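Per-entry structural report
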Amino acid sequence: RSVFDDFSPKTQKTSKTENLTFRPNYSKRTKINSQLVILSAGSPNLLSGEDLRPKTHVVDLGSSIVNGKTIGDLNMQSKLDHLGIISPSPKGLGPLVVRFLILNLLEYTK
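Residues numbered from 1 in each chain as written. Predicted model: local features only at pLDDT ≥ 70, side-chain atom pairs only at ≥ 80, totals over all residues. Heavy atoms only, no water.

Comments concerning the environment of Ser64
By secondary structure assignment, the location of Ser64 is in strand 3 (residues 63-66). The class for Ser64 is buried, based on a relative accessible area of 12%. Along the chain, Ser64 and Ser43 lie 21 residues apart, while their C-alpha atoms are 6.5 Å from each other. Among all residues touching Ser64, those that are not within four sequence positions of it are Gly42, Ser43, Pro44, Lys69, Thr70 and Ile71. (Helix = DSSP H or I, 4+ residues; strand = E, 2+ residues; numbered from the N terminus. Buried < 20%, exposed > 50% of the residue type's maximum accessible area, 1.4 Å probe, protein only. Contact = heavy atoms within 4.5 Å.)

Looking at the packing of aromatic side chains
For the structure shown, the criterion picks out zero aromatic pairs. Over the face of the ring belonging to Phe100 we find Arg99, whose NZ or CZ atom lies 5.0 Å from the ring centre. (Phe/Tyr/Trp six-rings, centres within 6.5 Å; stacked < 30°, edge-to-face > 60°. Lys NZ or Arg CZ within 6 Å of the ring centre and 35° of its normal.)

Concerning the confidence of the model for the protein chain
Of all residues in the protein chain, 74% have pLDDT values of 70 or greater, and the mean over the chain is 77. The secondary-structure element of the protein chain with the lowest mean pLDDT is helix 1 (residues 94-108), recorded at 81, while strand 2 (residues 57-60) shows the highest, at 90. Counting contacts from residues 1-9, a segment whose pLDDT is below 50, to residues more than four positions away or on other chains yields seven contacts. (pLDDT = per-residue confidence, 0-100.)

Re the environment of Ile65
Within the fold, Ile65 resides in strand 3. The exposure class assigned to Ile65 is exposed, which follows from its relative accessible area of 68%. Taking the C-alpha atoms as reference points, Ile65 and Gly42, 23 residues apart in sequence, are found 9.3 Å from one another.

Points about the nonpolar core
The tendency in soluble globular proteins is for nonpolar side chains to be buried side by side. Counting residues in each nonpolar core, the largest one holds nine residues, listed as Ile32, Val37, Leu39, Leu47, Leu52, Val58, Leu74, Leu80 and Leu83. Beyond its immediate chain neighbours, meaning those up to four positions away, Leu80 contacts Gly49, Leu74, Asn75 and Ile86. (Core = buried A, V, L, I, M, F, W, Y, C linked by side-chain atoms within 4.5 Å.)

As structure tokens, this is what we get:
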């Protein structure tokens, strides 16, 4: 039994979300049919724009350093014009993460 057995892909149907899927073992070039994709694998260029349906929103939190350059999980060199909002890595959520870490530190030191 693996530690990831409890995290196998699951689908939940609720009144607010049609599909919620967690895929820890994503294989490249698998089409993803979701409205929102959150990436945090830390695997450079894991996902291409071609792997996503039109108007999908992407939040890329993952980052890796390849040849001295920071690269996110979403391949920014792929076709992205059909997607919705993209928060890239780097230059996406990093400043917000730093802000909230500092706010938490200040709250903790009170």
